[in-house]
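Chain and residue survey
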Amino acid sequence: MNLDIPFIRSQFPAFTEPSLQGWAFFENAGGSYACKQVIDRLRDYYTKNKVQPYYDFPASAQAGEMMDTSYQRMADYLNVDASEIHFGPSTTQNVYVLANAMRPMWEEGDHIIVSNQDHEANAGAWRRLAKRGIKVTEWQVDSETGLLSVEELKTLFTDRTKMVAFPHCSNVIGYINPVKEISQMAHDNSALCVVDGVGWAPHGFPDLKDLEVDIYMFSMYKTFGPHLGVMYVKDELIAKMENQSHFFKEGVKRNMITPAGPDHAQIATASGVLDYFDAVYEHHSDKTATSAERNAVLNRLFRDHEKGLLERLLEFLRSRNDIRIVGPEVADDRAPIVSILPKKKPIKEVYDRLTQHELMLGIGEFYAVRPLMDMNIPVDPGVIRISFLHYTNSEEVDQLIQGLKDVL
Ligand SMILES: Cc1ncc(COP(=O)(O)O)c(C=O)c1O
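Calculation notes
Residues numbered from 1 in each chain as written. Predicted model: local features only at pLDDT ≥ 70, side-chain atom pairs only at ≥ 80, totals over all residues. Heavy atoms only, no water. Pairing = 2+ DSSP bridges. Helix = DSSP H or I, 4+ residues; strand = E, 2+ residues; numbered from the N terminus. Axes fitted to C-alpha atoms, helices over the stretch in contact; angles between N-to-C directions. Contact = heavy atoms within 4.5 Å. Buried < 20%, exposed > 50% of the residue type's maximum accessible area, 1.4 Å probe, protein only. Parallel < 35°, antiparallel > 145°, perpendicular 65-115°, else oblique. Left-handed = near helix turned anticlockwise from the far one by under 90°. Nonpolar A, V, L, I, M, F, W, Y, C, P; charged D, E, K, R; others polar. Near = heavy atom within 4 Å. Polar contact = N/O pair within 3.5 Å; in protein donor to acceptor, adjacent residues only side chain to side chain. Areas by Shrake-Rupley, 256 points an atom, 1.4 Å probe, with all protein chains shown as cover. Patch = residues over 30% accessible without salt bridge, like charges linked within 9 Å, V, L, I, M, F, W, Y side chains within 5 Å. Salt bridge = Lys/Arg side-chain N within 4 Å of Asp/Glu carboxyl O. Expected span 1.5 Å × (residues − 1). Core = buried A, V, L, I, M, F, W, Y, C linked by side-chain atoms within 4.5 Å. Disulfide = S-S within 2.5 Å.

**A few points about the sheet that holds strand β9 (residues 323–325)**
With respect to topology, four strands assemble into an open sheet ordered β9-β10-β13-β12, the strand pairing being antiparallel. The sheet terminates laterally at β9 and β12 (362–364), the two strands that pair on one side only. On average, each strand axis in the sheet is tilted by 30° relative to the strand beside it, whichever way the strands run. Across three bridges, β9 lies against strand β10 (residues 337–342) in antiparallel orientation. Counterpart to I325 in the pairing with β10 is I340. Taken strand by strand, helix α12 (residues 291–318) contacts β9, β10 and β13 (383–387), and its axis lies near 15° from that of β10.

Structural data, given as structure tokens:
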């Protein structure tokens, strides 16, 4: 079974928006288009339910129900419990709060391992704990390949290691890290496993039970939804954290690590992404299935389609001697987030000319300063990043390859 791309694209108003016609979108790692289910829900909420939620009057009760539905349905799709789902303003903010909430769980001189492959969101807040009595070890990337070595990680644990933080998939290197293996290794060493899933989740929501992680985070504005960060925190863990919210929220799991106060409308809207996933599942299968089972089917459909396009793109890039591909050169272990460095022409000139070809791409360091520095890639001007999702079609990849041929 193949993904029905015309059906998929019919779910995203951006693809029929006149001002975007002709433009091929390859900056999805920065933020995806929103599906119509999310846009409709947001408009509806702002029209009918824009009141304080959880009172008994209908507009308010309904607002609260819509929010609760998002927690429950997100949990069902990720194969965890609704009490383990937390919506915050962004992943950066979520990690910042977690680092503060978790510091009191540890003693002076305890140890954490933090990867150097991360976006700064999952890097700086942990490293700052070094000023608060925690020993921090950097798990560095290979300077040529940009990869993290699991063998090397084994050597970094001490008898006081409390946590390992790393990305499921880097937003500039694109390699899919073996999360389950790392998680098991962390647990064998009595450490927690904290994963930044922002780079990976747009390519398929994970089954968190299967991954065995303790904390997993991603950003909904990159997964077809509103501007929110989602975090999964294992139920027994949150009770050990220090409350970061108002004193009277002590013990209230939904509030303890989201001190900013939730954006009601966006939380209510988050389940629009799951309406979209349901619609895709039902379009491709008539079998009854739980959300987690649906998710597994969608993962395969999305991955097969993305991988086919990725193979074509990488084959073209490998055939050129005027381009360096950052990270792995084959599709098997990577997501369609491909950073490139032109070898013969200035990067900014190449980027500008690609834009003239109506290609929406990214350029810069993408807040992934540490991995680029480890790889000796100047963070200014950084890399050109090509990133796409399951809604990308073959014609867009043709347009991209033609643009690259003309410009390089
Ligand atoms: C891999 C990765 N992690 C974390 C973040 C930060 O997410 P947010 O913008 O929700 O703070 C990003 C944003 O680009 C990212 O790409």
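**A closer look at the environment of S291**
As for its position among the elements, S291 is in helix α12. For the pair S291 and Y77, spaced 214 residues apart in sequence, the C-alpha to C-alpha distance is 4.9 Å. Not counting chain neighbours up to four residues away, the residues in contact with S291 comprise D76 and Y77.

**Description of the pairing of strand β5 (residues 161–167)**
Strand residues, when the strand is regular, have side chains that alternate between the two faces of the sheet. For β5, a buried count of six out of seven residues is recorded, marking the element as mostly surrounded by other parts of the structure. Here strand β3 (residues 111–115) pairs with β5 via four bridges, running parallel. When the bridges of β5 are listed, H111 appears paired with T161.

**Quick word on the packing of helix α2 (residues 36–48) against helix α3 (residues 58–78)**
As a packed pair, α2 and α3 sit with axes 10 Å apart at the nearest point and diverge in direction by 155°. Regarding the angle of α2 to α3, the classification is roughly antiparallel. As α2 runs across α3, the sense of the crossing is left-handed. On α3, the residues touching R41, Y45 and K48 of α2 are A59, A63, M66 and R73. Tallied by class, the residues present in the contact of α2 with α3 amount to four nonpolar, no polar and three charged.

**Things to note about the environment of T223**
Topologically, T223 is positioned in the loop between β7 (215–219) and β8 (229–233). C-alpha of T223 to C-alpha of G204: the two residues are 19 residues apart in sequence and 8.9 Å apart in space. Dropping the residues within four chain positions of it, T223 is found in contact with S32, A201, P202, F205, F218 and V273.

**Comments concerning the site of the ligand**
Surveying the vicinity of the ligand reveals the residues S90, T91, T92, H119, A121, N171, D196, V198, G199, S219, Y221 and K222. Between the ligand and T91 there is a distance of 2.9 Å, counted from an oxygen atom to a backbone nitrogen or oxygen. Coverage of the ligand by the protein amounts to 91% of the 390 Å² it exposes when considered alone.

**Some thoughts on a nonpolar patch on the surface**
Where nonpolar side chains cluster on the molecular surface, the patch consists of V51, Y55 and F57 and spans about 280 Å² of accessible area. Summarising the element assignment, V51 is placed in the loop between α2 and α3. According to the relative accessible area criterion, V51 is partly exposed, its value standing at 31%.

**Section: α3**
The first and last C-alpha atoms of α3 sit 30 Å apart over 21 residues, in line with the 30 Å expected at 1.5 Å per residue. Taken as a whole, α3 has its buried residues at S60, A63, G64, M66, M67, S70, Y71, R73, M74, A75, Y77 and L78.

**Thoughts on the nonpolar core**
In terms of nonpolar packing, the biggest core is built from 114 residues, with M74, F87, F277, L317 and L404 touching the most fellow members. Each residue touching F277, except ones within four places of it in the same chain, is listed here: Y77, F205, F224, L298 and F302. Judged by nonpolar contacts, the second largest core, of 25 residues, contains M102, I112, W126 and I257.

**Looking at the state of the cysteines**
Tallying each qualifying case throughout the model produces zero disulfides. Just so you know, C193 is unpaired, no disulfide at all, and the nearest cysteine sulfur is the one on C169, 15 Å from it.

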